[in-house]
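Residue-level structural notes
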Amino acid sequence: MSAPRVNLYSDTQTRPTEGMRAAIAAAEVGDEQRGQDPTTLRLQERVAELLGQEAAVFLPSGTMCNQIAIRLHVRPGGDEIVLDRTAHPVNHEAGGPAQHAGAMIRTLDGDGGIYSIEQLEAAIRPPSRYFPRSRLVSVEQTSNLGGGRVWPLERMRAVLEVARRHGLRAHLDGARLMNAVVASGVPASEYAGGFDTAWIDFTKGLGAPVGAVLAGSRELIDEAWRFKQMMGGAFRQSGIVAAGCLYALDHHVERLAEDHENARLLAQGLAELPGVTLDPSRVETNIVLFEVKDAAGLVQRLADRVELQVVDSRHVRAVTHLDVGRSDIEHALEAFAAVLT
Ligand SMILES: *Cc1c(COP(=O)(O)O)cnc(C)c1O
């Protein structure tokens with residue numbers, strides 16, 4: 001009998017567990033647009049507290065969290081956002097910052113998605129009638145296309161210090177913030193509390209089917225509601241999905257350590273195979289980014305046994321998650337070995 005296909009395409013591939021489905025089925029609901037869905041209200045309060053912020057709003061996706069946050073901070077018509085060149089709003093939001101906020105984007109060439117304070121300082125423009133206006137800096141914790149790397153707390157604090165000194169707003173894309181929390185032991189509020197806006201995704205490693213929560217000051221979150229309504233992101237009985245998110249906070253955070261362990265195992269095995277360039281010591285969370293000669297070719301040859309994502313012509317991404325166990329990693333490594341040796 002052949003081994004089942006191992007899905008390392010993304011941590012978005014998880015299916016709700018039995019326990020999560022039961023929590024969803026039992027959810028208390030009301031009209032979310034009118035502030036009457038008790039489960040959504042509970043989720044928002046819980047995430048605001050988790051992230052060390054005053055208030056929070058439930059949104060359909062992480063992309064909408066980024067888009068609304070950018071819109072909150074940027075004055076349309078040439079304000080500039082400084083972020084790493086691998087950042088999600090630069091590459092995977094269909095040009096949203098240009099459409100929704102009329103923003104200029106200034107990318108930094110960080111290491112694994114983590115830029116230096118020198119790079120940041122050099123990118124912030126002095127006031128001038130010729131220049132775009134530097135307005136917002138953004139940090140992605142963990143870095144997705146940077147390979148799941150964890151920003152050290154000190155570096156994030158230094159980014160905030162520079163942002164404040166230059167009068168800029170600061171945004172935290174915390175799609176995988178809880179992976180960083182579990183990997184580092186630093187509480188989420190320590191990472192997120194100093195930012196103007198911060199959010200977490202429930203559809204990545206946390207394993208829920210729908211939803212992300214954007215947090216910030218009460219004033220900013222009130223304003224975020226305008227854009228949520230405008231973009232069509234207001235819900236009705238959203239307790240159905242918010243219940244899955246609450247369940248994930250109770251049951252799927254600490255277990256992220258297993259995903260990190262499985263990613264390390266995968267990285268160690270891959271690093272020993274011919275034709276793979278990978279430093280396993282750079283694998284800190286659930287993402288394994290590695291270099292091969294022909295990324296698309298490799299992914300295609302493995303397709304029957306392992307699902308992977310092509311990042312570019314030479315880079316492949318593998319992501320561990322709730323639905324991938326240690327034996328799946330062993331199956332995946334056998335398949336890699338068969339193709340590469
Ligand atoms: C997935 C992801 C997003 C977008 O979240 P969605 O819920 O898929 O819209 C934003 N930023 C990062 C770093 C991500 O990995």
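Whatever comes next refers back to the structure up there.
Let me begin by describing the structure that accompanies this report. Predicted, not measured: the structure shown is a model, and the values here were computed from it. (Residues numbered from 1 in each chain as written. Predicted model: local features only at pLDDT ≥ 70, side-chain atom pairs only at ≥ 80, totals over all residues. Heavy atoms only, no water.)

**Concerning helix H13 (residues 295-302)**
Ala 295, Gly 297, Leu 298, Val 299 and Leu 302 are the residues of H13 that are buried. Where H13 is buried, its residues touch strand E9 (287-291), strand E10 (306-307), strand E11 (309-312), strand E12 (315-319) and helix H14 (326-340). (Buried < 20%, exposed > 50% of the residue type's maximum accessible area, 1.4 Å probe, protein only. Helix = DSSP H or I, 4+ residues; strand = E, 2+ residues; numbered from the N terminus. Contact = heavy atoms within 4.5 Å.)

**Thoughts on the packing of helix H3 (residues 62-73) against helix H10 (residues 218-230)**
For the pair H3 and H10, the least separation of the axes is 10 Å and the interaxial angle reads 115°. Here H3 and H10 pass one another in a crossing that is right-handed. Residues Ile 68, Arg 71, Leu 72 and His 73 of H3 pack against Leu 220, Glu 223, Ala 224, Phe 227 and Lys 228 of H10. Taken together, the residues of the contact of H3 with H10 sort by class into 5 nonpolar, 1 polar and 3 charged. (Axes fitted to C-alpha atoms, helices over the stretch in contact; angles between N-to-C directions. Left-handed = near helix turned anticlockwise from the far one by under 90°. Nonpolar A, V, L, I, M, F, W, Y, C, P; charged D, E, K, R; others polar.)

**Section: the side chain of Gln 44**
Within the element layout of this structure, Gln 44 appears in helix H2 (residues 38-50). Apart from residues no more than four positions distant in its own chain, Gln 44 is found in contact with Glu 32, Ala 56, Val 57 and Phe 58.

**Overview of the environment of Leu 177**
Mapped onto the secondary structure, Leu 177 falls in helix H8 (residues 177-184). Of the residues examined, Leu 177 reaches a relative accessible area of 1% and is grouped as buried. It is 15 Å that separates the C-alpha atoms of Leu 177 and Arg 155, two residues lying 22 residues apart in sequence. Among residues more than four places away in sequence, those in contact with Leu 177 are Leu 51, Gln 141, Thr 142, Leu 172, Ala 188, Tyr 191, Ala 192 and Ile 200.

**Quick word on the site of the ligand**
Taken together, 14 residues sit near the ligand, with Gly 62, Thr 63, Asp 173, Asp 201 and Lys 204 positioned nearest. Gly 62 has a polar backbone atom sitting 2.8 Å from an oxygen atom of the ligand. Contact between the ligand and Thr 63: an oxygen atom at 2.6 Å from a side-chain N or O atom of the residue. In isolation the ligand exposes 370 Å². Once the protein is present, 88% of that is buried. If you list the elements that add at least two residues to the shell around the ligand, you get H3 and strand E7 (197-201). At 3 residues, H3 tops the list of elements feeding residues into the shell around the ligand. (Near = heavy atom within 4 Å. Polar contact = N/O pair within 3.5 Å; in protein donor to acceptor, adjacent residues only side chain to side chain. Areas by Shrake-Rupley, 256 points an atom, 1.4 Å probe, with all protein chains shown as cover.)

**Digging into the sheet that holds E9**
Read across the sheet, 3 strands follow the order E9-E12-E11 without closing on themselves; strand pairing throughout is antiparallel. Unpaired on one side and paired on the other, E9 and E11 mark the two borders of the sheet. Taking the axes of each pair of neighbouring strands and ignoring which way they run, one obtains an average angle of 30° across the sheet. The strands touched by helix H12 (residues 256-271) are E9 and E12; relative to E9, the strand with the most contacts, the crossing angle is about 15°. (Pairing = 2+ DSSP bridges.)

**As for the sheet that holds strand E6 (residues 169-174)**
Adjacent strands of a sheet pair through backbone hydrogen bonds, lying either parallel or antiparallel. One open sheet holds the 7 strands; their spatial order is E2-E8-E7-E6-E5-E3-E4, and the pairing between them is mixed. With one partner strand each, in any of the chains shown, strand E2 (55-59) and strand E4 (104-108) form the two edges of the open sheet. Between one strand axis and the next, the sheet turns through 20° on average, direction left out of account. Running over the sheet, helix H7 (residues 153-165) touches strand E5 (133-140) and E6 and is turned about 150° from E6.

**A look at the nonpolar core**
The nonpolar side chains of a soluble globular protein tend to be buried with one another. Formed by 55 residues in total, the largest nonpolar core has its most connected members in Leu 43, Leu 51, Leu 120, Val 137, Leu 177, Tyr 191 and Phe 202. A per-element tally of this core places helix H11 (residues 239-251) first, with 7 residues. The contact partners of Phe 202, leaving out residues within four places of it in the chain, are Leu 43, Val 47, Gly 207, Ala 208, Gly 211, Ala 212, Val 213, Cys 245, Ala 248 and Leu 249. Counting residues in each nonpolar core, the second largest holds 28 residues, with Leu 265, Val 288, Leu 308 and Ala 332 among its members. (Core = buried A, V, L, I, M, F, W, Y, C linked by side-chain atoms within 4.5 Å.)

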